[in-house]
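Survey of secondary and tertiary structure
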Amino acid sequence: MTSTESLERFFGSEIKEEVSLGPLTTLGIGGNAEFYFEPYRIEDLVLVKQLGYKFGLPLHIIGGGSNLIIDDQGLKGIVISTVSLKGIEIRRKGILIQIIAETGVQLKRLVGLSLEEGFTGIEFAVGIPGTLGGAVFGNAGVRDNAMSDLVSWVETINDEGEVTKLNRDQIDWGYRYSALSKERCCISRCCLNLATSSRQDVWALSRSFWEKRVHQPYGFKSAGCVFKNPDGDSAGRLLEVAGCKGLRKGDAQVSHFHANFIVNLGNASFSDILWLIQECQRRVKDSFDIDLSLEVDILSDAQLQI
Ligand code: EPU
């Protein structure tokens, strides 16, 4: 049986061919996925992982499509969107609140839940787009807070389809880094530790985090911050001083609001974005002798040196 027949046999019309990925990302760039699948059950995520491995098909997980730059030449293999894996369970143990959520739950839904219920801990995530799995994968956060502060355990699926639960301290975490991303793990569920508080306090703290984002380019298509902050400095500041703000290539532009964002003004191409990224890196290197490393994830079948 071929890979196509096998995927169709298990998932029927739910497995789609040649799906355009651009509209599924916050940057709005990306060619077609050879196969595209949006599982509704963790069991199907396990199964597609096993089948992909069996047939030697590359597997890409796009979560909510934020923090991602996808090649407009498209991607071979199976692209999985986790956005329909959105089950949530809340456990209360005294003042400790445990949220056990499937990988595709939107972070904004968890922030909304905390605001409604008065759960504290996740206020920093207000305004961060994307899914829980994606946020844990890349250890998303702000300057002094990150998802790793909240994680109790993470459930992952390996190539053979085995499900493993990793406790927080079994995972190596860093600034915008987790060993889960280094090993390209497939996350199925996460458990976050929050605590009860007053709704008023949770609202106030969330608002203070929200206000720190006023200089970011809202209403524009972007993948979020492009570069990690180097130790003790801000990529946005360095990029601005190096004269990158407003730089444009085709429809891709370094935002006038915040220099660590590249926005798609309409029909930016993958190569326009790559050109801008490299130009920004070059200017910061020339001005400060600092190598900016990427925060965004680039998905491409080509071997890129960035
Ligand atoms: N700055 C400039 N010019 C700019 C942008 C920033 O001079 O164009 C200066 C600011 O004035 C400020 C400093 O740089 O003094 C830091 O800027 P900001 O407060 O905007 O914070 P950041 O370090 O650029 C970080 C995260 C953001 C997160 C904000 C929340 C990184 C790479 N960025 O930004 O995360 O939203 O804090 O306060 O860690 C993301 O992860 O995608 C992201 C955008």
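The preceding data block contains the structure.
Just so it is clear, the model here is predicted, and its values are computed rather than measured.

Moving on, we come to the site of the ligand. Close contacts around the ligand come from 21 residues, with Tyr175, Cys225, Asn229, Glu240 and Ala259 the closest. Between an oxygen atom of the ligand and a side-chain N or O atom of Tyr175, the distance comes to 2.8 Å. With respect to the ligand, the backbone of Ala259 contributes an N or O atom lying 2.8 Å from an oxygen atom. Contact with the protein chains hides 76% of the accessible area of the ligand, taken as 820 Å² for the molecule alone. At the level of secondary structure, the elements contributing two or more residues to the shell around the ligand comprise β14 (221–225) and α7 (235–241). Looking at the shell around the ligand, the element that brings in the most residues is α7, giving three residues. When the residues that make up the shell around the ligand are grouped by side-chain class, the tally is six nonpolar, seven polar and eight charged.

Where like charges cluster on the molecular surface, the negative patch consists of Glu5, Glu8, Glu17 and Glu18. Counting only elements with at least two residues in the negative patch, the list comes to α1 (3–11) and β1 (16–20). For Glu8, the location among the structural elements is in helix α1. Residue classification places Glu8 among the partly exposed residues on the basis of a relative accessible area of 39%.

Attention shifts here to the sheet that holds strand β5 (residues 75–80). Ordered by their spatial adjacency, four strands build an open sheet running β1-β2-β5-β3, and the pairing between neighbours is mixed. Of all strands in the sheet, those bounded by a partner on one side alone are β1 and β3 (59–61). Neighbouring strand axes in the sheet, compared pairwise and without regard to direction, differ in orientation by 45° on average. As judged from the three bridges shared by β3 and β5, these two strands associate in the parallel manner.

What counts as what
Residues numbered from 1 in each chain as written. Predicted model: local features only at pLDDT ≥ 70, side-chain atom pairs only at ≥ 80, totals over all residues. Heavy atoms only, no water. Near = heavy atom within 4 Å. Polar contact = N/O pair within 3.5 Å; in protein donor to acceptor, adjacent residues only side chain to side chain. Areas by Shrake-Rupley, 256 points an atom, 1.4 Å probe, with all protein chains shown as cover. Helix = DSSP H or I, 4+ residues; strand = E, 2+ residues; numbered from the N terminus. Nonpolar A, V, L, I, M, F, W, Y, C, P; charged D, E, K, R; others polar. Patch = residues over 30% accessible without salt bridge, like charges linked within 9 Å, V, L, I, M, F, W, Y side chains within 5 Å. Salt bridge = Lys/Arg side-chain N within 4 Å of Asp/Glu carboxyl O. Lys, Arg positive; Asp, Glu negative; His and termini not counted. Charge placed at Lys NZ, Arg CZ, Asp CG, Glu CD. Buried < 20%, exposed > 50% of the residue type's maximum accessible area, 1.4 Å probe, protein only. Pairing = 2+ DSSP bridges. Axes fitted to C-alpha atoms, helices over the stretch in contact; angles between N-to-C directions.

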